[in-house]
Amino acid sequence: MNPDMRAFLAALDTEIVFGQVAVRRLERGFELRHESDRSAAADNLTTLKGTELRTWSQQAAGGAFRPLKSAPNLRAGWRALAADSAALELLLHYLYPGAVADWFAAQAAAPPITSYRQFTARQTGMYRITTMLQDAIAGAAIRACCHVDFCLKRRLWSVEGLEADAAGAKSLIPCLEPCALLLEFARKVARLEQNDAPPSEEPQADAAEGDFDAPSNPRRKRFGLEKQALAAKRAVE
Ligand code: SF4
């Protein structure tokens, strides 16, 4: 067994909630279910096998694709059984790829955290523009993109002027460096800032999670609120 899983099992006394998933020890093996189904009768839940669970996790209610597995929109109504730790590791990987390894790495004396500036400095091509965001705007973009409404990972990295997420603010799953979605969002914000485009006033239904070209994208709407808060703060300084 690898050290990540050994540590995870040591932390799992009878039950642990990891992201939106409750993992329980059984007399033999483990059971996983959505945390909102913790007290549901097993007979009322659909038992999913490994690849079925992976497929289940790829879509939100209504059928929308989930570009970010740590988004708080994992559907409930299922349970999955793991006969041993290797099977448990695979199920957790389907639900939250790499999360157990990151959880373990975050407990090191010096966790391998990459800041926004370190991360964007390595970017080439069309993502180089993300280096141009001022700290305050980068902070607003990060607050919007990583908001608890959109992602349950606890952000350990940051940018000047922005605190990392507090323990207990989101979930046990850490975020050690900006993800691809954050990078794409920062690129969009950099473009918007270049054009100084005002936020859309028109009420519209939310666009798809990863569609940052749409003004009605939930993260773009959130970014508009973060910018308003930033402007209000600057006005009183
Ligand atoms: S960068 Fe933000 S949105 Fe992406 S996984 Fe980390 S916390 Fe979540």
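Definitions and cut-offs
- Residues numbered from 1 in each chain as written.
- Predicted model: local features only at pLDDT ≥ 70, side-chain atom pairs only at ≥ 80, totals over all residues.
- Heavy atoms only, no water.
- Salt bridge = Lys/Arg side-chain N within 4 Å of Asp/Glu carboxyl O.
- Buried < 20%, exposed > 50% of the residue type's maximum accessible area, 1.4 Å probe, protein only.
- Helix = DSSP H or I, 4+ residues; strand = E, 2+ residues; numbered from the N terminus.
- Near = heavy atom within 4 Å.
- Nonpolar A, V, L, I, M, F, W, Y, C, P; charged D, E, K, R; others polar.
- Polar contact = N/O pair within 3.5 Å; in protein donor to acceptor, adjacent residues only side chain to side chain.
- Pairing = 2+ DSSP bridges.
- Arc of directions from axis to C-beta.
- Contact = heavy atoms within 4.5 Å.
- Phe/Tyr/Trp six-rings, centres within 6.5 Å; stacked < 30°, edge-to-face > 60°.
- Lys NZ or Arg CZ within 6 Å of the ring centre and 35° of its normal.

Caption draft 1: Region of interest: the pattern of salt bridges. A complete count under the given rule lists 15 salt bridges for this structure. A salt bridge links glutamate 31 to arginine 33, with the shortest nitrogen-to-oxygen separation between them at 3.0 Å. On the accessibility criterion, glutamate 31 (3% relative accessible area) is buried. Between glutamate 226 and arginine 143 there is a salt bridge whose closest N-O contact spans 3.0 Å. Separated by 83 residues along the polypeptide, glutamate 226 in helix α8 (residues 218-236) and arginine 143 in helix α6 (residues 135-145) bring together distant segments of the chain. For arginine 143, a relative accessible area of 33% corresponds to the partly exposed category. Among the charged side chains, a salt-bridge network with shared partners connects Glu15, Arg24, Glu31, Arg33, Arg38 and Arg79.

Caption draft 2: Representation of the site of the ligand within the structure. As a matter of local geometry, the ligand sits amid Leu68, Cys145, Cys146, Cys151, Lys153, Trp157, Cys175, Pro178, Cys179 and Leu182. Classifying every residue of the shell around the ligand gives 9 nonpolar, no polar and 1 charged.

Caption draft 3: Structural context of the side chain of lysine 170. Examined against the element boundaries, lysine 170 turns out to sit in the loop between β6 (154-155) and β7 (174-175). There is a polar contact of 3.2 Å between the side chain of lysine 170 and the side chain of aspartate 165.

Caption draft 4: Representation of the sheet that holds strand β5 (residues 78-82) in the model. Pairing is mixed across the open sheet formed by 5 strands, whose spatial order is β1-β2-β3-β5-β4. In this open sheet, the two edge strands, each paired with only one partner strand, are β1 (15-18) and β4 (46-47). With 4 bridges joining them, β1 and strand β2 (residues 21-25) adopt antiparallel strand pairing. Pairing of isoleucine 16 across the sheet is with valine 23, part of β2.

Caption draft 5: Looking closely at helix α2 (residues 50-57). All buried positions along α2 are accounted for by Leu53, Trp56 and Ser57. All buried residues of α2 fall inside an arc of 95° around its axis, so they share one side. Where the residues of α2 are buried, they touch β5 and α3 (85-95).

Caption draft 6: Local environment of the packing of aromatic side chains. Counting across every chain of the model gives 5 aromatic pairs. Here the aromatic rings of phenylalanine 8 and tryptophan 103 are separated by 5.6 Å at their centres, their planes lie at 80°, and the arrangement is edge-to-face. Separated by 95 residues along the polypeptide, phenylalanine 8 in helix α1 (residues 3-11) and tryptophan 103 in helix α4 (residues 99-105) bring together distant segments of the chain. No difference in accessibility class separates phenylalanine 8 from tryptophan 103, as the two residues are buried. Relative to tyrosine 96, the ring of phenylalanine 18 lies with its centre 6.4 Å away and its plane at 80°, an arrangement referred to as edge-to-face. Of this pair, phenylalanine 18 sits in strand β1 while tyrosine 96 sits in the loop between α3 and α4, placing them 78 residues apart in sequence. A relative accessible area of 5% places tyrosine 96 in the buried class. Joined through ring pairs, the aromatic side chains of Phe8, Phe18, Tyr96 and Trp103 make up one cluster. For the cation-ring pair, arginine 75 lies above tryptophan 56, with the distance from its terminal atom to the ring centre recorded as 4.1 Å. We note arginine 155 situated over the ring of tryptophan 157; from NZ or CZ to the ring centre the distance is 5.6 Å.

Caption draft 7: Representation of the pairing of β1. Burial along β1 is one-sided: Ile16 and Phe18 are buried, while Glu15 and Val17, pointing the other way, are not. Count of turn residues in the β1/β2 antiparallel hairpin: 2 residues, of which glycine 19 carries a positive phi of about 65°.

Caption draft 8: Broad picture of the pairing of strand β3 (residues 30-34). Of all the 5 residues making up β3, 5 are buried; the element is thus mostly covered by neighbouring parts of the structure. Here β2 pairs with β3 via 5 bridges, running antiparallel. Bridge pairing in β3 links valine 21 to histidine 34. Taking the residues between adjacent antiparallel strands as the criterion, β2 and β3 are bridged by 4 residues, where glycine 29 takes a positive phi near 85°. Sheet analysis places β3 next to β5, joined by 4 bridges and oriented antiparallel. Among the inter-strand pairings, phenylalanine 30 is bridged to a residue of β5, identified as alanine 82.

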